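A closer look at the structure
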Amino acid sequence: MVVRGLRKSYGSLHAVDGVDLEIERGEIFALLGPNGAGKTTTVEILEGYRHRDAGEVTVLGYDPGEERHAMKPLIGIVLQSTGFDHYLTVKETLSMYGDYFPHPRPPDEVIDLVGLGEKRDARVTTLSGGQQRRLDVAIALVGDPELLFLDEPTTGFDPTARREAWHVVKNLAGLGKTILLTTHYMDEAQFLADRVAVIAAGRIVAVGPPSSLAGRDRAHSRVTFRPPPEVALPDDLARALNREGRVELVAENLAATLHQLTDWAVRVGVALDDLEVVRPTLEDIYLELTGGEAAHSDAPLSSATTGRDHRSRPGHRRTGQRGRSAR
Ligand code: ATP
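Residues numbered from 1 in each chain as written. Predicted model: local features only at pLDDT ≥ 70, side-chain atom pairs only at ≥ 80, totals over all residues. Heavy atoms only, no water.

The secondary structure content of the protein chain amounts to 10 helices and 12 strands. Classification of the 327 residues of the protein chain by burial places 48% in the buried group. Counting only contacts in the protein chain whose residues sit at least 6 apart along the sequence, the fraction spanning at least 24 positions is 68%. Accessible surface for the protein chain amounts to roughly 15,800 Å². Of this, 49% is attributable to carbon and sulfur atoms. (Helix = DSSP H or I, 4+ residues; strand = E, 2+ residues; numbered from the N terminus. Buried < 20%, exposed > 50% of the residue type's maximum accessible area, 1.4 Å probe, protein only. Contact = heavy atoms within 4.5 Å. Areas by Shrake-Rupley, 256 points an atom, 1.4 Å probe, with all protein chains shown as cover.)

Following this line, the structure appears as structure tokens:
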């Protein structure tokens, strides 16, 4: 999939403002970005459901703006919620959807792939929310697509269901499918994606594997601990006290920093019980790139607090189903 110079405006709002992307076959690619960044607009253009103003787009060799119908049998789309016929069972639902495609996968095979084997003959009304979401995925798979669009696939899932859904997605990638995923969950992107792109205000601000996005792998670790109140700190440690009363050191050379610290601790008898070595998380990098909390800190990224415990996630839930008329 190749996207070059993609643009789409709504009146004076440049929702997508010159996006370039290349996604390889067989790749799991995640698009991350705050609300209103332009993810849905971009994805819907790639799916052929929205017109673009400018730019080149090639999806599986087709231009989705011109050749949507030829491309359609090759793609699967998992929306936020799909409408089901409530009188049908899981298997009947998949057989019905399969009839729309020239070479459908056998419904039983798809049911097993998404882990709905026990619900094969259950009516769709009796499925839990997470099971219905699996059925959404199964519906997208029944046409045996080469490319799958997953829109926030685990929003609203409990932790166990999320893990299970992740394994379903990994299985699909194992079958050679290309997957384009949008998500607001950094752990999801970290676990699933071969590469992620961060989009902000209609532009791609970083692309790369989650582990090394925007220099994450080269960022310095932080070493932190809470000193006992009765211990007098040497000047360099006293200067490194943060607002929470923890010593927080930016470690350019982790071994040397730990060596100096433990040497001091052994001499003065401090146990360093709560010592932590923290590397920047994908969420830290994301917040930095998208102008989140970390970007407003004076401290460099490597010494900014990771905030996993006190920052709110960029929470999001789309309500209702997206319109599907070409716009
Ligand atoms: P979210 O994470 O909230 O789903 P997103 O990254 O998917 O956001 P888009 O839905 O692509 O963002 O929206 C990008 C911008 O375009 C937003 O400011 C949005 O309000 C605007 N927008 C989207 N669709 C339309 C429309 N049909 N008419 C006018 N403005 C629109």
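This next bit is on the sheet that holds strand 2 (residues 13-22). On the basis of which strands lie adjacent, the open sheet formed by three strands has the order 2-1-4 and antiparallel pairing. If you trace the sheet from one side to the other, it starts and ends with strand 2 and strand 4 (54-58), each paired once. On average, adjacent strands in this sheet sit at an angle of 25 degrees to one another, irrespective of strand direction. Relative to strand 2, strand 1 (residues 2-10) runs antiparallel, the two being bridged by seven bridges. The partner of Val3 across the bridge, within strand 2, is Leu21. With respect to the sheet, helix 1 (residues 39-47) is in contact with strand 1, strand 2 and strand 4, its orientation differing from that of strand 1 by roughly 120 degrees. (Pairing = 2+ DSSP bridges. Axes fitted to C-alpha atoms, helices over the stretch in contact; angles between N-to-C directions.)

Further remarks concern the environment of Glu152. Residue placement: Glu152 occurs in the loop between strand 6 (147-151) and helix 6 (159-174). In this structure Glu152 comes out as buried when scored by relative accessible area, which is 3%. With 29 residues separating them along the chain, Glu152 and Leu181 place their C-alpha atoms 6.9 Å apart.

Using the criterion set out here, one finds three aromatic pairs in the structure. An angle of 75 degrees between the planes, with centres 6.0 Å apart, marks the rings of Tyr97 and Tyr100 as edge-to-face. A residue is classified by how much of its surface remains accessible, and Tyr97, at 18% relative accessible area, is buried. The class of Tyr100 is exposed, set by a relative accessible area of 60%. Judged by centre distance (4.9 Å) and plane angle (25 degrees), the ring pair of Trp166 and Phe191 falls under stacked. Placement of the pair is Trp166 in helix 6 and Phe191 in helix 7 (residues 186-192), with a sequence separation of 25 residues. Overall, the relative accessible area of 2% leaves Trp166 in the buried class. Between Arg163 and the ring centre of Phe191, over which it is positioned, the NZ or CZ distance is 5.6 Å. Against the face of Phe191 rests Lys170, its NZ or CZ located 5.5 Å from the ring centre. (Phe/Tyr/Trp six-rings, centres within 6.5 Å; stacked < 30°, edge-to-face > 60°. Lys NZ or Arg CZ within 6 Å of the ring centre and 35° of its normal.)

Attention now goes to the pattern of salt bridges. Opposite charge on two side chains permits pairing when their charged atoms draw close. The tally for this structure, following the rule as stated, stands at 20 salt bridges. A salt bridge links Arg25 to Glu146; the nearest nitrogen and oxygen atoms lie 2.9 Å apart. Of this pair, Arg25 sits in the loop between strand 2 and strand 3 (28-32) while Glu146 sits in the loop between helix 5 (129-141) and strand 6; the two residues are 121 residues apart in sequence, bridging distant segments of the chain. Here Glu146 falls in the partly exposed class, since its relative accessible area comes to 33%. Ionic pairing is found between Glu188 and Arg162, a salt bridge with its closest N-O pair at 3.7 Å. Taken as a pair, Glu188 in helix 7 and Arg162 in helix 6 lie far apart in primary sequence, 26 residues in all. By the burial criterion, Glu188 is buried, and Arg162 matches it. One continuous salt-bridge network, built from bridges that share partners, spans Lys91, Asp108, Asp112 and Arg120. (Salt bridge = Lys/Arg side-chain N within 4 Å of Asp/Glu carboxyl O.)

In the vicinity of the ligand lie 15 residues, with Gly36, Gly38, Lys39, Thr40 and Thr41 positioned nearest. Here an oxygen atom of the ligand sits 2.7 Å away from a polar atom, N or O, in the main chain of Gly36. Here an oxygen atom of the ligand and a side-chain polar atom of Thr41 are 2.6 Å apart. When isolated, the ligand has an accessible area of 640 Å², and the protein chains bury 66% of it. A per-element tally of the shell around the ligand places helix 1 first, with three residues. Here the residues of the shell around the ligand sort into five nonpolar, seven polar and three charged. (Near = heavy atom within 4 Å. Polar contact = N/O pair within 3.5 Å; in protein donor to acceptor, adjacent residues only side chain to side chain. Nonpolar A, V, L, I, M, F, W, Y, C, P; charged D, E, K, R; others polar.)

Once that is clear, we can look at the sheet that holds strand 3. Backbone-to-backbone hydrogen bonds join strands into a sheet, with any given pair of strands oriented parallel or antiparallel. Reading across the sheet, the six strands line up as 5-6-7-3-8-9 and stay open at both edges, with mixed pairing between neighbours. The open sheet has two edge strands, strand 5 (75-78) and strand 9 (203-208), and neither has a second partner. Each strand axis lies, on average, 15 degrees off the axis of its neighbour in the sheet, ignoring direction. Across four bridges, the pairing between strand 3 and strand 8 (residues 195-200) is parallel. Counted as the bridge partner of Phe29 is Arg195 from strand 8. Contacts between helix 5 and the sheet are confined to strand 5 and strand 6, with strand 5 contributing the most and set at about 165 degrees to the helix.

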